[in-house]
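Notes for the structure review
Single-letter residue listing:
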Amino acid sequence: MTDDFTKAEAASRFLLSQTSLVPRIGLVLGSGLGGFADELSDATRIPYTNIPFFPRSTAVGHAAQMVIGNAAGVPVAAMQGRVHLYEGYSAHEVTFPMRAFDCMNIRAVILTNAAGGINLEYKQGALVVLTDHINLQGHNPLIGPNDERFGPRFPDMTQAYWKPYREIALAAAKRAGKTLYQGVYAGLLGPNYETPAEIRYLRTIGADLVGMSTVFEVIAARHMGMKVLAISCVTNMAAGILDQVINHEEVLETGERVKGDFVALLRAVLPEMAKDVEESPGAQH
Ligand code: HPA
């Protein structure tokens, strides 16, 4: 059986052969947030189905393609849609795109997601930069023999969300006169939304947001020494906070509504992140 490293190298070679750009930052655009990739210049769009070994996403609201292009002068590789554990993919499949980014020599990623707001200071449509996470998915993408070519057996997670990038994002939001919150993301398996009792439990253990993605990608990225910025869009207040039910259409609609602020924030942080990656690329292999 071909190992993940060999597969990721094949995916990386294919992706780089499709463009003359050399992407410096990888992005994963969550539910309803894919619009950022529509605005890239010099863009090449590559459906996941064409990329060797790439998983294909099935969730509604995901375009299922990689867009390589320039944003604010920075060459990026942006995933319009990701796959989730709840779709039946393995943890290794969910993190395969991160492995491919690594083989493309991408040393920094921006992960975005739609999330339910647990912190009562948040409102629907708020943007939140993640400071940390709680992995409640009951699983881990590093399970199995460790491949030292990617990283160590027991990677550190104390700086999972790179503080200098958080500061870049907070400063950019301040300059633009926009509120950007900070918070801890609880990653659950899904696909059902939580019960009100689960949300009370999550608040008690220190979560500000809840969602069904991102934590595996962060774990894999940190395994490989990549630096991570993660931004959630509070598409709805979590279960039981408001006297209303949660549905996926609402999640997508909110993503669409905040698109302008979201794209502006990403465009503002990218040049500073790219400068940082150039100056201190972190672990290489
Ligand atoms: N819970 C879990 N995942 C989500 C939510 C939520 O309320 N909203 C968007 N993704």
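Basis of the calculations
Residues numbered from 1 in each chain as written. Predicted model: local features only at pLDDT ≥ 70, side-chain atom pairs only at ≥ 80, totals over all residues. Heavy atoms only, no water. Helix = DSSP H or I, 4+ residues; strand = E, 2+ residues; numbered from the N terminus. Rg over C-alpha atoms; globule rule 2.2 N^0.38 Å. Contact = heavy atoms within 4.5 Å. Areas by Shrake-Rupley, 256 points an atom, 1.4 Å probe, with all protein chains shown as cover. Lys, Arg positive; Asp, Glu negative; His and termini not counted. Charge placed at Lys NZ, Arg CZ, Asp CG, Glu CD. Buried < 20%, exposed > 50% of the residue type's maximum accessible area, 1.4 Å probe, protein only. Pairing = 2+ DSSP bridges. Right-handed = clockwise from strand over helix to strand, strands pointing away. Arc of directions from axis to C-beta. Near = heavy atom within 4 Å. Polar contact = N/O pair within 3.5 Å; in protein donor to acceptor, adjacent residues only side chain to side chain. Core = buried A, V, L, I, M, F, W, Y, C linked by side-chain atoms within 4.5 Å.

**A short note on the overall build of the protein**
Each helix and strand counted, the protein has eight helices and nine strands in total. Over its C-alpha trace the protein gives a radius of gyration of 17 Å, about what one expects of a compact globule, namely 19 Å for 285 residues. Looking at the protein alone, contacts between residues at least 24 apart form 82% of all its contacts between residues at least 6 apart. Accessible surface, the protein as shown: approximately 11,800 Å² in total, 53% of it carbon and sulfur. Once the 24 positive and 29 negative side-chain charges of the protein are each reduced to a mean point, those two points are 4 Å apart.

**Remarks on the pairing of strand β7 (residues 181–188)**
Counting buried positions along β7 yields six of eight residues, so the element is predominantly enclosed. As judged from the eight bridges shared by strand β6 (residues 127–136) and β7, these two strands associate in the parallel manner. If you follow Val 128 over to β7, its bridge partner there is Tyr 181. In the classification by handedness, the crossover that spans β7, the intervening helix α5 (residues 196–204) and the parallel strand β8 (residues 209–211) is right-handed.

**Describing helix α7 (residues 248–257)**
Listed in full, the buried residues belonging to α7 are Glu 250, Val 251, Thr 254 and Gly 255. Each buried residue of α7 lies within a common arc of 140 degrees when the element is viewed along its axis, so the set occupies one face. In α7, the exposed positions angled more than 90 degrees off the buried face are occupied by Glu 249, Glu 253, Glu 256 and Arg 257. Where α7 is buried, its residues touch β5 (108–117), β9 (227–237) and α8 (259–279).

**Description of the environment of Ile 219**
Within the element layout of this structure, Ile 219 appears in helix α6 (residues 215–223). Between the alpha carbons of Ile 219 and Leu 142 there is a distance of 7.9 Å; along the sequence they are 77 residues apart. Residue contacts for Ile 219: discarding those within four places in its chain leaves His 133, Asn 135, Asn 140, Pro 141, Leu 142 and Met 157.

**Description of the pairing of strand β3 (residues 65–71)**
Of all seven residues in β3, seven are buried; the element is thus mostly enclosed. Side-chain alternation along β3 places Gln 65, Val 67, Gly 69 and Ala 71 on one buried face and Met 66, Ile 68 and Asn 70 on a second face that is also buried. Alignment of strand β2 (residues 41–47) against β3, held across five bridges, turns out to be antiparallel. Looking at the pairing, Thr 44 lines up with Ile 68 of β3.

**Here we look at the site of the ligand**
Taken together, Ala 114, Ala 115, Gly 116, Tyr 193, Glu 194, Val 210, Gly 211, Met 212, Thr 235, Asn 236 and Val 251 make up all the residues around the ligand. The contact in question runs from a nitrogen atom of the ligand to an N or O atom on the backbone of Ala 114, over 3.3 Å. Taking Glu 194, its side chain carries an N or O atom lying 2.8 Å from a nitrogen atom of the ligand. With the chains in place, 96% of the 260 Å² that the ligand exposes on its own is no longer accessible. Looking at the shell around the ligand, the elements that each hand over two or more residues are β5, β8 and β9. Broken down by element, the shell around the ligand gets its largest block of residues, three residues, from β5.

**Quick notes on the nonpolar core**
Most often, soluble globular proteins have nonpolar side chains that are buried together. Among the nonpolar cores identified, the biggest contains 49 residues, and Phe 54, Met 66, Phe 101 and Val 109 are the most heavily contacted of them. Among the elements of the structure, α1 (4–17), β3, β4 (74–80), α3 (91–103), β5, β6, α6 and β9 are those that each provide at least two residues to this core. Looking at this core, the element that brings in the most residues is α3, giving six residues. Beyond its immediate chain neighbours, meaning those up to four positions away, Val 109 contacts Ile 25, Gly 26, Met 98, Phe 101, Ala 221, Met 226, Lys 227, Val 228, Leu 229 and Met 273. Listed in part, the 36 residues of the second largest apolar core include Phe 36, Val 74, Leu 127 and Leu 270.

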